[in-house]
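As a plain string of letters, each chain reads:
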Amino acid sequence: ISKDHEYRFAYSLDQGSSFIPFTRTAANHLLSKGYTGAYLGVYSTSNGNPTTAYADFDWVQHKGFQR
């Protein structure tokens, strides 16, 4: 969700019936003076540590809201 000059992120474990807040960040961390649009993507990290684990995302849903 982009609202009140911040981006709020959430995830769902029940096919989108409910969402669990994950984190939020100020909009200016994603936007710049040469703004061409914000990019949204899903990723995972091992924070630089070797691992054999992986992330598997079945689907991602994005809902745009008119400003």
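Everything discussed here concerns the structure shown above.
The model shown is predicted, which means the values in this text are computed figures rather than measured ones.

**Things to note about the side chain of Glu6**
Line of reasoning, step 1. By the secondary structure assignment, Glu6 is in strand S2 (residues 6–11).
Line of reasoning, step 2. In contact with Glu6, other than residues within four places in its own chain, are Ile1, Arg24, Thr25, Ala26 and Ala27.

**Some thoughts on the pattern of salt bridges**
A side chain of one charge can pair with a side chain of the opposite charge when the charged atoms of the two come close.
Line of reasoning, step 1. The tally for this structure, following the rule as stated, stands at three salt bridges.
Line of reasoning, step 2. Between Arg8 and Asp4 there is a salt bridge whose closest N-O contact spans 3.8 Å.
Line of reasoning, step 3. For Asp4, a relative accessible area of 57% translates into the label exposed.
Line of reasoning, step 4. A salt bridge links Arg24 to Glu6; its shortest N-O distance comes to 3.2 Å. One end of the pair, Arg24, is in strand S3 (residues 20–26); the other, Glu6, is in strand S2, with 18 residues separating them in the sequence.
Line of reasoning, step 5. The class of Glu6 is buried, set by a relative accessible area of 15%.
Line of reasoning, step 6. Taken together, the shared-partner salt bridges in this structure form one network comprising Asp4, Glu6, Arg8 and Arg24.

**Considering the sheet that holds S3**
Line of reasoning, step 1. Strands sit in the order S1-S2-S3 across an open sheet of three strands; the sheet is antiparallel. Unpaired on one side and paired on the other, strand S1 (2–3) and S3 mark the two borders of the sheet.
Line of reasoning, step 2. Where S2 lies against S3, six bridges are found, and the strand directions are antiparallel. Bridge pairing in S3 links Tyr11 to Ile20.

Conventions adopted
Position numbers for residues start from 1 in each chain and track the written sequence from start to end. Predicted model: local features are reported for residues with pLDDT of at least 70 only, side-chain atom pairs are reported and counted for 80 or more only, and whole-chain, interface and lining totals are derived from all residues. Just so you know, side-chain values use all the structure's heavy atoms and leave hydrogens and water out. Here a helix means four or more residues in a row that DSSP labels H or I, a strand means two or more in a row labelled E, and each is numbered from the N terminus. Residue contacts follow a heavy-atom distance rule, with two residues in contact if any of their heavy atoms lie within 4.5 Å. One side-chain nitrogen of Lys or Arg within 4 Å of one carboxyl oxygen of Asp or Glu is enough to make a salt bridge. Type-normalised accessible area, obtained with a 1.4 Å probe on protein chains alone, sets the label of each residue: buried when under 20%, exposed when over 50%, and partly exposed for intermediate values. Strands were regarded as paired on the criterion that DSSP finds at least two bridges between them.

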